[in-house]
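So you can see what is in the structure, the chains are spelled out below.
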Amino acid sequence: MTMIFGIPLQAFMGQLLIGLINGSFYALLSLGLAVIFGLLRVINFAHGAQYMLGAFVAMLMLQYFGINYWFALILAPIVVGLFGAVIERLLLSRLYKLDHLYGLLFTFGLALTIEGTFRYLYGSSGQPYAPPPALTGATNLGFMFLPNYRGWVVVVSLIACIGTWLLIEKTKLGAYLRAATENPTLVQAFGVNVPMLLTLTYALGAGLAAFAGVLAAPVYQVSPLMGSNIIIVVFAVVVVGGMGSIMGAILTGYMLGIAEGLTKVFYPEASNIVIFVIMAIVLLIRPAGLFGRDA
Amino acid sequence: MSHVVHSTTTTTTTTNTARTGRSATASKAYAAFLGIGLVLLIVAPMFFYPIFLMKLLCFALFACAFNLLLGYTGLLSFGHATFFGGAAYFTAHVTKEWGVTPEIGILIGVAGAAMLGLVMGFFAIRRQGIYFAMITLALSQMFFFFCLQASFTHGEDGIQSVPRGHLFGFIDLADTTSMYYFVLAVFLIGMIVIWRFINSPFGMILKSIRENEQRAISLGYSVARYKLGAFVMSAALAGMAGGTKALVFQFATLTDVGWQMSGEVILMTLLGGIGTLIGPIFGAGLVVTLQNYLATSQFPVTIITGVVFMVCVLLFRRGIIGEFYASRLGRKLGFEHRR
């Protein structure tokens, strides 16, 4: 058997793949956080809950309406995005004039409410969600077996990340968004409907989180707790990357996911704290974050 | 934030009443409330279940310690469970395994919490605002995983059947009444320390940092050092509450170090009134009562907590005591309100 650094290649590549998959979710979620923060100046604590909602909506759609994975991948983000838009319009928008911390506290309350409700209705234990038949099985890459679904997750989340980046950096809507980030009053004076833009942004962020949730549903189990477990790690990712740049958020997500996977190979005990340790080191060396402008 | 408040808080030569921002009537009203409150606390165990009262006092002190940071320095920590739960573990461990007396046990808990506060504060004060909150949350989660894996915490089981021991070696705290008055004493000591701290020149400088950090820097204050000082102080007092709680319930578990606990203490403070001395006590009282009430029902506390959070942030940002100070009666009594 081929060995790498005294570890069987098979195990090494396996953990690397898990790291890459976790990294995909970190990237998708921190990307959404960065997009929302950029325009709304709100740290969306409910991001984890919206990720969990995505997975649950997909599962419930299958249970009650027989809607399959492929439609769920499109419908669940729309449902959660609409939910986000309603929340933003009715409640969150009242807090923009206040200290940013109130936005964090409000979305924290929202996250608790959503998580509590689903725990009340469905219990704390996870429920399985089968991957679509087209993506079951594994491919032999010569040096390892790649489960098809996991390969799909990596590819499609990369596409989603790059798509969002293109949307924001290269389209007219993205140009409005970026302009409103710099100076909302001036953009509004030019006749752009900034409040609508804010609602759209929040819905987009929530939808991205739900998209990640649907992708995650067959990999992990669908559980009410899946959101709060991941959101704190994503916060650390955001601190490491800094929220100034979209690409920065994506790259940091993947990097830290892989770092976590590799730690699992070499020193498993530290695998669930390695991201926090990296965060602490980055704070010492570059307090503004790897890609951050000092805010 | 208003510059009027700022100028009074940074002038160290003003009289005592001006410094605390209260008029003479307010001071009298305050003294009256204080007296009534003390009498109520002393006679309370005759009317209420003492364990419930002790829990309430522990959480009230915890919330007041947290408010020292949020209300008086303007820093939102999302990681205070680390100090509360960490101290609970330290106190439980030393009283159970080393057999030290309860007061030494709590002091060790306080020292441990202060050390944790020094480390977390060292990293967290490098960023401000929202980042500060996220960093404290992440570091606190790291401590949670440490507690999950470390051997002395006994993982999921926690440290069970911690002896309450003999205070100073001769007062048996297994007796509930003695224990209650011991907890009350700890609470009052903690409150006096907090009161003294926020009315000291150090506390004044903290308020000036809260009102206008740039100006505090330009006045020559080493803001980072003051923030770290406040962080350690708040952590130590939170540890005092946590260590005491470990003795009251005779166990220390992972619940005390989880992020939900950090969220709870924020809610208590928000509900009672951020930046008021006694507000968090009322906030803690409400939350603890609610939890007790719901503990027997099937309905999960999390939903209520979340909804109360949202309602507070949207409609009720001054909190109970803040609203009272801003009300007609409060103003008549001469209280000032801010925010």
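Conventions used here
Per chain, residue numbering runs from 1 following the sequence as it is written. Chain letters and ligand numbers both follow the written order, the letters beginning at A and the numbers at 1. Reporting in this predicted model follows two pLDDT cut-offs: at least 70 for local features of residues, and 80 or more for side-chain atom pairs to be given and counted; totals over whole chains, interfaces and linings ignore these cut-offs and use all residues. The side-chain figures draw on all heavy atoms in the structure; neither hydrogens nor water molecules are used. Numbering of helices and strands runs from the N terminus, with a helix taken as a DSSP run of H or I at least four residues long and a strand as a DSSP run of E at least two residues long. Here the radius of gyration uses the C-alpha set of atoms, whereas the globule reference equals 2.2 Å times the residue count to the power 0.38. Burial classes follow relative accessibility: with a 1.4 Å probe on protein chains only, a residue under 20% of its type's maximum area counts as buried, one over 50% as exposed, and anything between as partly exposed. For accessible areas, the Shrake-Rupley method is used with a probe of radius 1.4 Å. Any residue's cover is judged against the shown protein chains and nothing else. By the counting scheme adopted, Arg and Lys are positive, Glu and Asp are negative, and His together with the chain ends is not counted. Charged groups are reduced to one reference atom each: NZ for lysine, CZ for arginine, CG for aspartic acid, CD for glutamic acid. Should any heavy atoms of two residues lie within 4.5 Å, those residues are counted as being in contact. Polar contacts here mean pairs of N or O atoms no more than 3.5 Å apart (in protein, one a potential hydrogen donor and the other a potential acceptor; neighbouring residues in sequence count only if both atoms are side-chain atoms). Accessible area that two parts lose when put together, with a 1.4 Å probe and added across both, is what the buried area reports. For this analysis, a salt bridge means a side-chain nitrogen from Lys or Arg found within 4 Å of a carboxyl oxygen belonging to Asp or Glu. For this classification, the nonpolar set comprises Ala, Val, Leu, Ile, Met, Phe, Trp, Tyr, Cys and Pro, the charged set comprises Asp, Glu, Lys and Arg, and every other residue, Gly included, is treated as polar. Residues belong to one nonpolar core when they are buried, are Ala, Val, Leu, Ile, Met, Phe, Trp, Tyr or Cys, and are joined through side-chain atoms within 4.5 Å. Expected helix span is given by 1.5 Å per residue-to-residue step, counting one fewer step than there are residues. Planes of paired rings set the category: under 30 degrees apart is stacked, over 60 is edge-to-face and the rest tilted, where pairs are Phe, Tyr or Trp rings (Trp by its six-membered ring) whose centres lie within 6.5 Å. Counted as over-ring charges are cases with an Arg CZ or a Lys NZ within 6 Å of the ring centre that also lie within 35 degrees of the ring normal. For helices, the axis comes from a line fit to the C-alpha atoms of the stretch in contact; other axes are also lines fit to C-alpha atoms, and the angle between any two N-to-C directions lies between 0 and 180 degrees. If an angle is under 35 degrees, it is roughly parallel; if it is over 145, roughly antiparallel; if it lies from 65 to 115, roughly perpendicular; otherwise it is oblique. Each crossing is labelled by how the near helix is turned from the far one, with a counterclockwise turn of less than a right angle marking it left-handed and a clockwise turn marking it right-handed.

Novice: It is not clear to me how the overall build of chain B should be interpreted in this structure. Could you clarify?
Specialist: A tally of helices and strands in chain B yields 16 helices and 2 strands. Computed over C-alpha atoms, the radius of gyration of chain B comes to 20 Å, within 12% of the 20 Å expected from 2.2 N^0.38 for 339 residues, which places it in the range of a compact globule. When the 339 residues of chain B are sorted by exposure, 56% land in the buried category. Counting only carbon and sulfur atoms, one obtains 68% of the accessible surface of chain B, whose full area is about 14000 Å². Across chain B, the mean location of the 22 positive side-chain charges is 17 Å away from that of the 12 negative side-chain charges.

Novice: Mind showing me how you'd approach the environment of S77 of chain B here?
Specialist: All names here are of chain B. Secondary-structure assignment places S77 in the loop between α4 (50-73) and α5 (81-98). It is 9.8 Å that separates the C-alpha atoms of S77 and S140, two residues lying 63 residues apart in sequence. Residues in contact with S77, not counting those within four places in the same chain, are F66, L69, F132, T136, F231 and I266. Within the local environment of S77, its side chain forms a polar contact with the backbone nitrogen of G79, the two atoms lying 3.1 Å apart.

Novice: Where do I start with the interface of chain B and chain A in this structure?
Specialist: Many authors give the size of an interface as the accessible area that is lost as the parts come together. Contact with chain B, which involves 39 residues of that partner, is made by 44 residues of chain A. Both faces combined, the contact of chain B with chain A buries some 3900 Å², and carbon together with sulfur accounts for 81% of it. Considering only the surface of chain B that becomes buried against chain A, I130, M134 and W259 of chain B emerge as the three largest contributors, covering 16% of it. In this assembly, chain B and chain A are joined by 0 salt bridges. Where chain B meets chain A, there are 5 residue pairs in polar contact (both at pLDDT 80 or more). Of the residues forming the side of chain B that touches chain A, the biggest block, 13 residues, is contributed by helix α7 (residues 129-149) of chain B. Of the residues belonging to the side of chain B that touches chain A, the class tally is 26 nonpolar, 9 polar and 4 charged.

Novice: What is the right way to look at the nonpolar core in this model?
Specialist: Buried together is how nonpolar side chains tend to be arranged in soluble globular proteins. With 222 residues, the main nonpolar core has L215 and M279 of chain A together with L76, F78 and M134 of chain B as its most contacted residues. For F78 of chain B, the contacting residues outside a window of four places in its chain are F45, L104, L105 and F108 of chain A together with A133, T136, L137, S262, G263 and I266 of chain B.

Novice: What exactly am I supposed to notice about helix α4 (residues 100-122) of chain A here?
Specialist: Structurally, the α-helix is built with 3.6 residues per turn, so residues lying three or four positions apart point the same way. Residues and elements named next belong to chain A. Compared with an ideal rise of 1.5 Å per residue, which puts 23 residues at 33 Å, α4 spans 33 Å between its outermost C-alpha atoms and is within 8% of the ideal. The buried count for α4 comes to 17 of 23 residues, which makes it a mostly enclosed element. Positive backbone phi, approximately 75 degrees, marks G123, located one or two places after α4.

Novice: I would appreciate a short explanation of the packing of aromatic side chains in the present structure.
Specialist: The description of an aromatic ring pair uses the distance of the two centres, along with the angle that the planes make with each other. Residues and elements named next belong to chain B. Here the structure, examined in full by the defined rule, presents 34 aromatic pairs over all chains. Geometrically, the ring pair formed by F144 and F145 is edge-to-face, given 5.8 Å between the ring centres and 75 degrees between the ring planes. Each member of the pair, F144 as well as F145, is classed as buried. Across the ring face of F122, the terminal group of R126 is positioned such that the distance to the ring centre comes to 5.1 Å.

Novice: Would you mind showing me how to read the packing of helix α9 (residues 226-241) of chain A against helix α10 (residues 246-266) of chain A here?
Specialist: Any two packed helices are characterised by how steeply their axes cross, that is the angle between the axes, and by the distance between the axes. Residue and element names in this part refer to chain A. At their nearest, the axes of α9 and α10 sit 9 Å apart, and the two run at 120 degrees to each other. What the angle tells us is that α9 and α10 run oblique. Of the two elements, α9 crosses α10, and the hand of that crossing is right-handed. From α9, V237, V240 and G241 reach across to α10, where they touch T252, G253 and L256. Among the residues forming the contact of α9 with α10, the class breakdown is 3 nonpolar, 3 polar and no charged.

Such coordinate-based values are descriptive only and should not be taken to indicate function.
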